[in-house]
Amino acid sequence: MSLDLEQIALHQLNKRDEQTLDVVLRDTLLTPNAAVDEMMAELHRVYSAKSKAYGLFNEDSELAVALRSCRKGDDDFLSFSRAATGRLRDELAKYPFAEGGVVLFCHYRFLAVEYLLVAVLNSRSSMRVNEQLDVSSIHYLDINHADIVARIDLTEWETNPESTRYLTFLKGRVGRKVSDFFMDFLGASEGLDTKAQNRGLLQAVDDFCSEAQLDKNERQNYRQQVYTYCNEQLQAGEEIALDDLSEELPPWNDKKFKEFTQEQGYQLEETFPADRSTLRQLTKFAGSGGGLSINFDAMLMGERIFWDPATDTLTIKGTPPNLRDQLQRKAGNK
């Protein structure tokens, strides 16, 4: 399905020196054409596929005030984007890692939902060979690695102002500082904690299995059913729905899984996004640190893999053939 682009503005932040970022502002909105449509479709696709944090505007958010004014028609989209780019420059200038980039504001519709997407996109250099077989350098927007991006669900924000999830953003790959300055610019704070929701779901599943006194195989099958449903939702880009999940699972003493979560006070939302890394714990144990990385199927615990909590010792019976071959060759070289 295609995006319906409403308005799109581009501006530029250029790093002059360690303390100075210059602003280059367009005087007109970007005119939609095939290239613009393709760029926004790619940015929407890449952003939608990434794990995101959720947030909401603070009461004193300047961006929220300006956006409301723009939505009411008191200000036009270009003026809104120009003023916002100036505020973004002021926030970015506080951090020594600031590199600038192309600042994009796009108001669009997708599946009957209105969005405002704000991003700072970096450019990359590459080489091309033209029709005359000459080599030249080109610059392109590095959309695949964009990590300074936020998107406001305008429909959710305006119809459900108490929501804690109408704003999403990427936390970035270089630590908290990236998201910190962007959240300051947005005048927003974190809202729905998706990892906490997913951890709560896993805890509820384990407790439900314990209450039902399921044996090891029954417990593993139950966890696998939960994982299958959640993973299918993740692959489809849909959220976990407690009602639907509860219908997928067998009840215990005529009590459905959702009833159990409500009675025990897990404070799970009716729907919430799936978190891939957390859900993986339903079927696998994994961890790394100190030069050690371990990953194994949960069903092996107690059969081939044993953990002694008193000594924090993991015992593995039967190693993978390729690992065993390396160990044997290493032992033979001594």
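As the structure is a computational prediction, the values presented were derived from the model and not from experiment.

S.K.: When you look at the overall build of the chain in this model, what are you seeing that I'm missing?
M.R.: Looking only at helices and strands, the chain features eleven helices and 16 strands. Each principal axis of the C-alpha distribution contributes one length, and for the chain these read about 70 × 60 × 40 Å. Counting every position in the chain, which comprises 334 residues, the buried fraction comes to 39%. Sequence separation of at least 24 residues holds for 64% of the intrachain contacts in the chain that already meet a minimum separation of 6. As presented, the chain carries roughly 19,300 Å² of accessible surface, and 47% of it is formed by carbon and sulfur atoms. Here the chain contributes 39 positively and 54 negatively charged side chains, and the mean placements of these two sets differ by 7 Å.

S.K.: When you look at the pairing of strand β8 (residues 148-153) in this model, what are you seeing that I'm missing?
M.R.: Within a regular strand, the side chains alternate between the two sheet faces. When you tally the buried positions in β8, you get six out of six residues, the bulk of the element. Every second residue of β8 is oriented toward a common face, with I148, A150 and I152 on one face and V149, R151 and D153 on the other, all of them buried. Summarising the sheet, strand β5 (residues 113-121) and β8 pair through six bridges and their orientation is antiparallel. Opposite V118, over in β8, you have A150 as the bridge partner. The pairing of β8 with strand β9 (residues 167-169) spans three bridges and is antiparallel.

S.K.: I tried to follow the packing of aromatic side chains on my own but got confused; where do I start?
M.R.: The geometry of an aromatic ring pair is captured by the separation of the ring centres together with the interplanar angle, meaning the angle of the planes. A complete count under the given rule lists 13 aromatic pairs for this structure. Taken together, the ring pairs connect F208, Y222, W252, F257, F260 and Y266 into an aromatic cluster. Here K52 stacks its cationic end above the ring of Y47, 5.1 Å away from the centre of that ring.

S.K.: Which parts of the structure should I look at to understand the sheet that holds strand β1 (residues 4-15)?
M.R.: Whether parallel or antiparallel, the strands of a sheet pair through hydrogen bonds between backbone atoms. Read across the sheet, eight strands follow the order β2-β1-β4-β5-β8-β9-β3-β10 without closing on themselves; strand pairing throughout is antiparallel. This sheet does not close on itself; its edge strands, each paired only once, are β2 (21-25) and β10 (188-190). Each strand of the sheet is rotated relative to its neighbour by a mean of 25 degrees, with strand direction disregarded. Pairing of β1 with strand β4 (residues 101-110) involves nine bridges; the strand directions are antiparallel. Bridge assignment links Q7 to a residue of β4, and that residue is H107. Across the sheet, helix α1 (residues 34-49) is in contact with β1, β4, β5, β8 and β9; its angle to β4 comes to roughly 85 degrees.

S.K.: Would you take a moment to explain the packing of helix α6 (residues 194-211) against helix α9 (residues 257-264) for this structure?
M.R.: Two numbers describe a pair of packed helices, the interaxial angle and the distance between the axes. Packing of α6 against α9 leaves a shortest axis separation of 10 Å and a crossing angle of 105 degrees. Between α6 and α9, the interaxial angle falls into the category roughly perpendicular. Residues L201, A204, V205, D207, F208 and E211 of α6 form the contact with α9, whose participating residues are F257, F260 and T261. In the contact of α6 with α9, the residues fall into six nonpolar, one polar and two charged.

S.K.: I'm lost on the environment of R87 in this one. Help?
M.R.: Mapped onto the secondary structure, R87 falls in helix α3 (residues 77-92). Aside from chain neighbours lying at most four places away, what touches R87 is E62, L63, A66 and F185.

Analysis parameters
Residues numbered from 1 in each chain as written. Predicted model: local features only at pLDDT ≥ 70, side-chain atom pairs only at ≥ 80, totals over all residues. Heavy atoms only, no water. Helix = DSSP H or I, 4+ residues; strand = E, 2+ residues; numbered from the N terminus. Buried < 20%, exposed > 50% of the residue type's maximum accessible area, 1.4 Å probe, protein only. Contact = heavy atoms within 4.5 Å. Areas by Shrake-Rupley, 256 points an atom, 1.4 Å probe, with all protein chains shown as cover. Lys, Arg positive; Asp, Glu negative; His and termini not counted. Charge placed at Lys NZ, Arg CZ, Asp CG, Glu CD. Pairing = 2+ DSSP bridges. Phe/Tyr/Trp six-rings, centres within 6.5 Å; stacked < 30°, edge-to-face > 60°. Lys NZ or Arg CZ within 6 Å of the ring centre and 35° of its normal. Axes fitted to C-alpha atoms, helices over the stretch in contact; angles between N-to-C directions. Parallel < 35°, antiparallel > 145°, perpendicular 65-115°, else oblique. Nonpolar A, V, L, I, M, F, W, Y, C, P; charged D, E, K, R; others polar.

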